[in-house]
Amino acid sequence: QVQLVESGGGLVQAGGSLRLSCAASGSTASRYAMAWFRRAPGKGREFVAAISRSGANTDYAGSVKGRFTISRDNAENTVYLQMNSLVPEDTAVYSCAAISKALLGVVPRTGYNNWGQGTQVTVSS
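Just so you know, these numbers come straight off a predicted model, no measurement behind them.

Honestly, the packing of aromatic side chains in this entry has me stumped. Any pointers?
Scanning the model with the defined rule gives three aromatic pairs in all. Taken together, a centroid distance of 5.7 Å and an interplanar angle of 75 degrees make the contact between Phe37 and Phe47 edge-to-face. With Phe37 in strand β4 (residues 32-39) and Phe47 in strand β5 (residues 45-51), the pair connects residues that are 10 residues apart, well separated along the chain. On the basis of relative accessibility, which here comes to 10%, the residue Phe47 falls in the buried class. Taken together through their ring pairs, the aromatic side chains of Phe37, Phe47, Tyr112 and Trp115 make up a single cluster. Across the ring face of Trp115, the terminal group of Arg45 is positioned such that the distance to the ring centre comes to 3.8 Å.

So, in C-alpha cells, the structure goes:
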C-alpha cells in the first residue's frame, strides 16, 4: 500500500500559478499510475490529470488542458501538477491518487485505490 501526501496548495490571484506536489511512500511510485482529482465546494470529485507509470503518457480533463501539466520523478517518488493561468473555477481541494497494477503506458481516469488527504487551492478574482 502506498501513502500519498500532497503539498503546494494556497491562495493565488486569477492568472497566477501554483505547483502541487504528491510525495509517495511505503511503496515504489513507479509501480503506480498516478492522477490528480479535485472537489470544488458543493460538487463531486472531478478528474483533473493522470500520468502513466513511466511518465510517457498523460491525460487531462478538457477544462484544464493547455493550462495544467502533470509530471513525475520516479527517483524522488513524487508527482507534480503545474497549474498556470488559474481561474476562480479552479478553486477546490486537490487530491493525489494512485492505482496499483496499472499496465505500462495506461493512463486511467477511474479505479484509483490509494488517495491522499488533499490540499486546498483557492483562486481569487
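Help me out: how do you make sense of the sheet that holds strand β8 (residues 78-83) in this one?
Ordered by their spatial adjacency, four strands build an open sheet running β1-β3-β8-β7, and the pairing between neighbours is antiparallel. Across the chains shown, the open sheet's two edge strands, defined by having one partner strand only, are β1 (3-7) and β7 (68-73). On average, adjacent strands in this sheet sit at an angle of 15 degrees to one another, irrespective of strand direction.

I tried to follow the side chain of Asn114 on my own but got confused; where do I start?
Structurally, Asn114 is set in strand β10 (residues 114-115). Among the polar contacts made by the side chain of Asn114, one reaches the side chain of Gln1 at a distance of 3.0 Å. A polar atom in the side chain of Asn114 sits 2.8 Å from the side chain of Asn113. Discounting residues that sit within four places of it in the chain, Asn114 has contacts with Gln1, Val2, Leu4, Tyr32, Cys96, Ala97 and Ala98.

Before we go on, may I ask you to explain the pairing of β8 in this structure?
Put simply, side chains in a regular strand alternate between the two faces of the sheet. Extensive coverage of β8 is indicated by the burial of five of its six residues. Relative to β8, strand β3 (residues 18-25) runs antiparallel, the two sharing six bridges. Within β8, the position partnered with Leu18 by the bridge is Met83. Where β7 and β8 come together, six bridges link them in antiparallel fashion. In the strand pairing of β8, Arg72 is matched with Val79. Two successive antiparallel strands, β7 and β8, enclose a turn made up of four residues, where Asn77 displays a positive phi of approximately 50 degrees.

Which parts of the structure should I look at to understand the pairing of β4?
Within β4, seven of the eight residues are buried, which leaves the element mostly enclosed by the surrounding structure. As defined by bridge partners, β4 adjoins strand β9 (residues 92-100) across eight bridges and the pair is classed as antiparallel. Within the sheet, the bridge partner assigned to Phe37 lies in β9 and is Ser95. Where β4 meets β5, six bridges bridge the pair, whose relative direction is antiparallel.

It is not clear to me how the state of the cysteines should be interpreted in this structure. Could you clarify?
Here is the idea: a disulfide is a covalent bond, and it sits between the sulfur atoms of two cysteines. Throughout the structure, instances matching the rule amount to one disulfide. One disulfide in the model links Cys22 with Cys96; its S-S distance is 2.1 Å. Residues Cys22 and Cys96 share a disulfide whose torsion about the S-S bond is about -80 degrees; that sign makes it left-handed. Taken together, the positions of Cys22 in strand β3 and Cys96 in strand β9 put the pair 74 residues apart, joining distant regions of the chain. On the accessibility criterion, Cys22 (0% relative accessible area) is buried. Look at Cys96 and you get buried, because its relative accessible area is 0%.

How each quantity is defined
- Residues numbered from 1 in each chain as written.
- Predicted model: local features only at pLDDT ≥ 70, side-chain atom pairs only at ≥ 80, totals over all residues.
- Heavy atoms only, no water.
- Phe/Tyr/Trp six-rings, centres within 6.5 Å; stacked < 30°, edge-to-face > 60°.
- Helix = DSSP H or I, 4+ residues; strand = E, 2+ residues; numbered from the N terminus.
- Buried < 20%, exposed > 50% of the residue type's maximum accessible area, 1.4 Å probe, protein only.
- Lys NZ or Arg CZ within 6 Å of the ring centre and 35° of its normal.
- Pairing = 2+ DSSP bridges.
- Axes fitted to C-alpha atoms, helices over the stretch in contact; angles between N-to-C directions.
- Polar contact = N/O pair within 3.5 Å; in protein donor to acceptor, adjacent residues only side chain to side chain.
- Contact = heavy atoms within 4.5 Å.
- Disulfide = S-S within 2.5 Å.

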